[in-house]
Every structure is written in structure tokens, then in C-alpha cells.
Amino acid sequence: GFSAICFGFINKCHSTVLFIAISALLRICQGCGCAFVDTSLYTIISEEYPKNLGKVSGFLTTAVGLGFMVGPPAGGFLYSAGGFALPFLVMGTITLLIGLIMLFAMRETTSPASRVRLFSMYAYVAEDGLEHSIVGYTDSSEITHWATKARDIPFVPNVQLGDRVSLKRILSDSKLVIILVTTIFGSAILGFQEPNLGLFLESCEYTPAAVGGLFLLRDFLFAIGSILVGYLVDAVGPYTILAAGLGLGGAGYLALGPIPPFTANSASVIVGLCVTGFAGSIPWVSGLPCLLKATRYLGNKHALNSQLSGLQNSCLYFGIFVGSILGGAFLDLLSYQKTYLYFSAIPMLTSIMFIIAMLTRRSRGNDILENSLKT
């Protein structure tokens, strides 16, 4: 909020060097503030709603999408009404007020599980062949009760568990790295369109209002689709939904850049934007549930929530950055149709590799199951 207010007076800098330096500094501050907010929000929902994480994450992503939809029109209206400074002053003041209200209205709480040091973790292999864990039970009879209730193979002692898990240990897990890379390419689905789709639509004699309306339609599908994706994540599972989202995103790009001899037209552009808007919401909703599911054996889940939320947001925004760079580079080298046609292969291939990787991990889990039965 403070950096936004300061931005309202950036036009008072008459020195080019000073203008660039202050602008860069304020943007860095805004980026850090957004990172704090996003990471905190996803950490809070993972702590408070662990059983309905997909649904709550979907509603949170819907709020993000609505912010993207409302922000540009609101900024344009304020700019027209009061000039350059007014949008920054209004939004900065609102942000500061919301922060003050949250500071006094919402108390920092610590869950009982995070206050108690967990000394041991017991791993077991479920009927699906994957390793799972029961954390926080030091009484072996209690663990046996829960394992039997869940119809699982008897547990085996695993590792000593502390309050924190190092980032190095988290990133040493290949399954987690695969999910992070998949999230990056999933987020690139939306970022890829930013530098080139508007130019293409304008070259097809779309008016600026029509171009804005098409992007608004995409963002609307992103926002509303997030709710449906949240329910699907909880009902079907985050791995399946993430893989399906990447495949769906590739299909959307085929509508934007069809295989010759077909060419893009108004109908295919609208369909492609709707599909990519919906598919683009899937990594935002399913990313954190995938990470939490993949790292349950690492240790205290309450210590992992904040670290995984930070990793997820880093990958999401890095994916938008990578997508924008690729979108500009492809268009410099290729025609519009070939740009979207070739890029459609990236999310589709990523989806296939993700599925193969998860199936390979499941086969490894089945080997663990067989070994434990022999023992």
C-alpha cells in the first residue's frame, strides 16, 4: 500500500536516472508485499481447511481472478477522473486500511499440533501402492488403530521428526521437483498470451474495446472456473486434475493456432481463450494440494505449509514470466499460427511426462508394498 501511494508521485521525478531507480525500488517493494500476502493466504487456508483445501483454494483463486478483472477498469476510471496519481492514492490507501483492519481483527494463532514437538513419524504403504504417513502419534497401538481403520498395510518406523524441515531436504525429493516444474509450465499457459495475442487481434481489425472484452472473458473463466476446479481437486485428486489441466491448456492453444489448413477465426479465438482461461486456473488451485500430498512423509505438516506455499507462488509467477518471454520470442521467429501451434505441444508433453512420472512413483510404491509383505 505504501509503495502504491509513492508511485502516485513518481511523475514528479524529472531526472531519468532517478525516475528509473525509484520506480525499480517501488516495484521491488510491491513484489515483496504481494509475495508476503500470497504466501500467507495459502498458508492460512492449508492450516485452517486441510480437509477441503481444494475447494477453499478454488475460492481464493476466484478472488485473485476477480481482482485481475476489476483492477484495470477501476484504474482506468480513476485515471480519467483524477489523473495519474489518483489510482495509486486510492488503491494504496485501501490496501493500508485493509491491512490495519486485519492487524486488529485477526489475531495470530498457533495450532496445537504446531506447538507440540513431534518426535517420530511412522510411514505405511496404502492399498494404492503409495507411501503415506501418520504423524504425531508416539503410541504404536494408536497408530495401528488408524492404519487398520484405513485398511492399510502395517506401519514401519521411519525417521525422527523435528519442528522444521530444511528447504534442501524438500527440494531433494524428485516427486516434488516434478510437481514444481509442472506448475511452472501450467502457469505459463496464461503468460504466453500476454505479449502476442493482443497484437494479433488488433491486426485482425478488432477494436481496443473488443480486445479488452476478449481478455476479460478469459479472466472471467479463470475466476469462475477456479471454484469448479476446487471441487474436482477434492473429489478426484490433485495429480489427476493438474495433468488434465495441462492437456486442456494445450487443446486451447490448438484452437487459437489450428493445424493447417485450418486458420484461426473469431469463433476459434473465443473458444481458445475460454479453454485456456479455465485451464490456466488449474495450476493455481491444484498446485498446493499436490505439494502437500507429495511431502507428507517429510515431517511436520504445519512446518511445511508455509514453505510449500512460498514454493508454489514462486513457481506460479515464474511460470507467467517464462510464458511471457517465450511468447515474445516465438512471435519474433514464427507466424502467429505457428507460434500457438508449436506452444500447444509444451503443456501437452508436460502433462504426459507428469503422468509417467506419477505412475513410475506408484510402481515404486508397489515395490515397497511387496517388500513390506515379505518382511
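One numbering rule holds for all chains: residues counted from 1, following each sequence as written. Confidence filtering applies because this is a predicted model: local features only for residues at pLDDT of at least 70, side-chain atom pairs given and counted only at 80 or more, and all residues used for totals across whole chains, interfaces and linings. Here the side-chain values reflect all heavy atoms present in the structure, with hydrogen atoms and water set aside.

1. Comments concerning the overall build of the protein chain
Which entries qualify depends on this criterion: A run of DSSP states H or I qualifies as a helix once it reaches four residues; a run of E qualifies as a strand once it reaches two. Both are numbered from the N-terminal end. Under the scheme applied here, a residue whose accessible area is under 20% of the maximum for its type counts as buried, over 50% as exposed, and between as partly exposed, the area being computed with a 1.4 Å probe on protein chains only. Whether two residues are in contact is decided by their heavy atoms: any pair within 4.5 Å suffices.
Broken down by element type, the protein chain carries 14 helices and three strands. A burial count over the protein chain gives 42% of its 375 residues as buried. Pairs at least 24 apart in sequence give 77% of the contacts found in the protein chain among residues at least 6 apart.

2. Here we look at helix H12 (residues 266-294)
Stated formally: Expected span of a helix: the number of residues minus one, times 1.5 Å. Bend, in this description, refers to the angle at a residue between axes fitted to the seven residues ending there and the seven starting there. Within 3.5 Å is the distance limit for a polar contact, defined as a pair of N or O atoms, with the added protein rule that one can donate a hydrogen and the other accept it, and that residues adjacent in sequence qualify only through two side-chain atoms.
If you check H12, its first and last C-alpha atoms are 42 Å apart, about what 29 residues at 1.5 Å a residue would give, namely 42 Å. The largest bend along H12 measures about 40 degrees and falls at serine 286, with the proline proline 289 one to four residues further on. The N-cap residue of H12 is asparagine 265: its side-chain oxygen and the backbone nitrogen of alanine 267 are 3.1 Å apart.

3. Some points on the environment of proline 347
Mapped onto the elements of the fold, proline 347 is located in helix H14 (residues 336-374). Look at proline 347 and you get buried, because its relative accessible area is 1%. Leaving out residues up to four positions away in the same chain, proline 347 has contacts with Ile189, Leu246, Gly247, Gly249 and Gly250.

4. Quick notes on the packing of helix H10 (residues 208-236) against helix H11 (residues 238-256)
Condition: Angles here are taken between N-to-C directions and fall from 0 to 180 degrees, while the axes themselves are lines fitted to C-alpha atoms, restricted in helices to the stretch in contact. For this classification, under 35 degrees means roughly parallel, over 145 means roughly antiparallel, 65 to 115 means roughly perpendicular, and everything else is oblique.
Running from N to C, H10 and H11 cross one another at 130 degrees; their axes reach a closest spacing of 7 Å. One finds that H10 runs oblique with respect to H11. In this structure, H10 uses Val229, Leu232, Val233 and Val236 to contact H11, whose residues at the interface are Pro238, Thr240 and Ile241.

5. Regarding the packing of aromatic side chains
Short version of the rule: Here a Phe, Tyr or Trp ring, Trp counted by its six-membered ring, pairs with any other such ring whose centre lies within 6.5 Å, and the pair is stacked when the planes are under 30 degrees apart, edge-to-face when over 60, and tilted otherwise.
Counted according to the given criterion, the structure contains 13 aromatic pairs. Where phenylalanine 84 meets phenylalanine 88, the ring centres are 5.2 Å apart and the plane angle is 50 degrees; that geometry is what we call tilted. We classify phenylalanine 84 as partly exposed; its relative accessible area is 31%. Pairing tyrosine 239 with phenylalanine 354 gives two aromatic rings, centres 6.2 Å apart and planes at 80 degrees, and the pair type is edge-to-face. With tyrosine 239 in helix H11 and phenylalanine 354 in helix H14, this residue pair connects regions lying 115 residues apart in the sequence. In this pair, the class of tyrosine 239 matches that of phenylalanine 354, namely buried. An aromatic cluster of at least three residues, connected via ring pairs, comprises Phe192, Tyr253, Phe330, Tyr336, Tyr340 and Phe343.

6. Some details on the nonpolar core
What counts here: Throughout this description, the term nonpolar core refers to a set of buried Ala, Val, Leu, Ile, Met, Phe, Trp, Tyr and Cys residues connected via side-chain atoms within 4.5 Å.
Within the largest apolar cluster, 29 residues are counted, with the highest numbers of intra-cluster contacts made by Ile179, Tyr239, Leu308 and Phe354. Looking at this core, the elements with two or more residues in it are helix H2 (16-48), helix H3 (53-82), helix H8 (174-191), H11, H12, helix H13 (301-333) and H14. Setting aside residues up to four positions removed in sequence, tyrosine 239 forms contacts with Lys175, Ile179, Cys290, Lys293, Ala294, Phe354 and Met358. In this structure, Ala188, Phe200, Leu214 and Tyr340 belong to the second largest nonpolar core, which totals 18 residues.

7. With respect to the environment of alanine 255
Note that alanine 255 resides in helix H11. Along the primary structure alanine 255 and valine 275 are separated by 20 residues, whereas in three dimensions their C-alpha atoms are 8.9 Å apart. Once residues within four sequence positions are removed from consideration, alanine 255 is found in contact with Ser268 and Gly272.

8. Quick notes on the confidence of the model for the protein chain
To be explicit about the condition: What pLDDT expresses is the predictor's confidence in each residue, scored from 0 to 100.
Considering every residue of the protein chain, the mean pLDDT works out to 76; 78% of them sit at 70 or more. Predicted confidence for residues 110-163 stays below pLDDT 50, and this span has 101 contacts to residues more than four positions away or in other chains. Across residues 363-375, confidence stays below pLDDT 50; counting only partners more than four residues off in sequence or on other chains, it has ten contacts.

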